[in-house]
Amino acid sequence: MTTISTDPVARTEILARIRRASSDITTSDPVADVPIEWEYGTGIEMDDVVGTFVEKVIDYKATVVRVKGADVPNAVAEGLKATGAEHSVVVPVGLDKSWVEAIKGAGIDVRVDDPQLSKEELNGTDAVVTAAACGIADTGSIVLTHVEDQGRRAITLVPDRHVCVMNANQVVSDVPEAIQIVKPAVHDGHPLTFISGGSATSDIELARVDGVHGPRQLYVVVVDDQ
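Residues numbered from 1 in each chain as written. Predicted model: local features only at pLDDT ≥ 70, side-chain atom pairs only at ≥ 80, totals over all residues. Heavy atoms only, no water.

Per an unreviewed UniProt entry, the protein goes by LUD domain-containing protein and derives from Cutibacterium modestum HL044PA1.

What follows is the structure in structure tokens.
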């Protein structure tokens, strides 16, 4: 934090130093004065963007599987079973129908959030399945824009388990690059949710508590050939 002195003598001296230090500046255009050789939103160099993303997500104690497009429905059903979701799952109205059918085929009750489920119904649901807007390799984060295949924020925050499907070509290097992707959704009035592993926090004694702000378990299906 910068503090400006209220002492008029000290303030005069500070301003005088600023004027002396900037006396060689001949233009008021900061871009012309200090050229910036960097363009916002172009990403950072990275040898393996998707591989880095997978490593970072696993570091957050989440599970990641990589599959081909044809295997996604089965991977979603297996992901639900792996997280312990045995009875019910909420899905957004725009979720891929083949995924929904695979979930039903696994004997799990599918609750489509249309009309919207109540807080009590969501709290009594084992898991949620969604798509994603993009992934960020540098931080291991998933970004949701809550369009039709991702659903409203409540369904991704209340259930205890989240199975999220993302195409490999949706993974970008860093946050500024991701912001360029989700910008149209923001302009359309959609909220953003950034997910970095299962929800967790800790108290002053560093005792970890899972599931305070969202699902305890995150299971990510990365689709390599889409």
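Okay, the sheet that holds strand β12 (residues 217-223) next. In a beta sheet, neighbouring strands pair by backbone hydrogen bonds and run either parallel or antiparallel. Ordered by their spatial adjacency, six strands build an open sheet running β1-β12-β7-β4-β2-β3, and the pairing between neighbours is parallel. Looking at which strands have only one partner, the edges of the open sheet turn out to be β1 (63-67) and β3 (109-112). In this sheet, adjacent strand axes meet at a mean angle of 20 degrees when their direction is disregarded. With four bridges joining them, strand β4 (residues 127-130) and strand β7 (residues 161-167) adopt parallel strand pairing. Bridge pairing links V129 to V163 in β7. Packing of helix α3 (residues 49-59) onto the sheet brings it into contact with β1, β7 and β12, and relative to β1 it is tilted by some 150 degrees. Contacts between helix α4 (residues 72-83) and the sheet are confined to β1, β2 (88-91), β4, β7 and β12, with β12 contributing the most and set at about 165 degrees to the helix. (Pairing = 2+ DSSP bridges. Helix = DSSP H or I, 4+ residues; strand = E, 2+ residues; numbered from the N terminus. Axes fitted to C-alpha atoms, helices over the stretch in contact; angles between N-to-C directions. Contact = heavy atoms within 4.5 Å.)

Together, E45, D47, D48, E55 and D59 make up a region of like negative charge exposed at the surface. As for its placement among the helices and strands, E45 is situated in the loop between α2 (30-33) and α3. (Patch = residues over 30% accessible without salt bridge, like charges linked within 9 Å, V, L, I, M, F, W, Y side chains within 5 Å. Areas by Shrake-Rupley, 256 points an atom, 1.4 Å probe, with all protein chains shown as cover. Salt bridge = Lys/Arg side-chain N within 4 Å of Asp/Glu carboxyl O. Lys, Arg positive; Asp, Glu negative; His and termini not counted. Charge placed at Lys NZ, Arg CZ, Asp CG, Glu CD.)

What follows concerns the nonpolar core. For soluble globular proteins, nonpolar side chains are generally found buried alongside one another. Residues V76, L80, V89, V91, I103 and V129 are the most contacted members of the largest nonpolar core, which totals 22 residues. Of all the elements in the fold, those that place two or more residues in this core are α4, β2, α5 (97-105), β4, β7 and β12. When residues of this core are assigned to their parent elements, the largest contribution, four residues, is made by α4. Excluding its chain neighbours within four sequence positions, the residues that come into contact with V91 are V100, I103, V110, R111, V112, D113, V129 and I155. If you look at the next biggest cluster of nonpolar residues, it comprises 18 residues, including V50, V57, C164 and I195. (Core = buried A, V, L, I, M, F, W, Y, C linked by side-chain atoms within 4.5 Å. Buried < 20%, exposed > 50% of the residue type's maximum accessible area, 1.4 Å probe, protein only.)

Quick look at the sheet that holds strand β9 (residues 193-195) now. The strand order across the open sheet formed by four strands is β8-β5-β6-β9, and the pairing between neighbours is mixed. For this open sheet the edge positions go to β8 (171-172) and β9, each flanked by a neighbour on one side alone. When strand β6 (residues 141-144) meets β9, the two strands line up antiparallel, connected through three bridges. Considered in β9, the bridge of I142 is made with I195. On the sheet, helix α8 (residues 175-187) packs against β5 (134-136), β6, β8 and β9 and is oriented at approximately 170 degrees with respect to β5.

Residue placement: T125 occurs in the loop between α6 (119-123) and β4. Since its relative accessible area comes to 4%, T125 is described here as buried. Reaching out from T125, the side chain makes a polar contact with the side chain of R111 at a distance of 2.8 Å. Discounting residues that sit within four places of it in the chain, T125 has contacts with S88, V89, V90, R111, P159 and D160. (Polar contact = N/O pair within 3.5 Å; in protein donor to acceptor, adjacent residues only side chain to side chain.)

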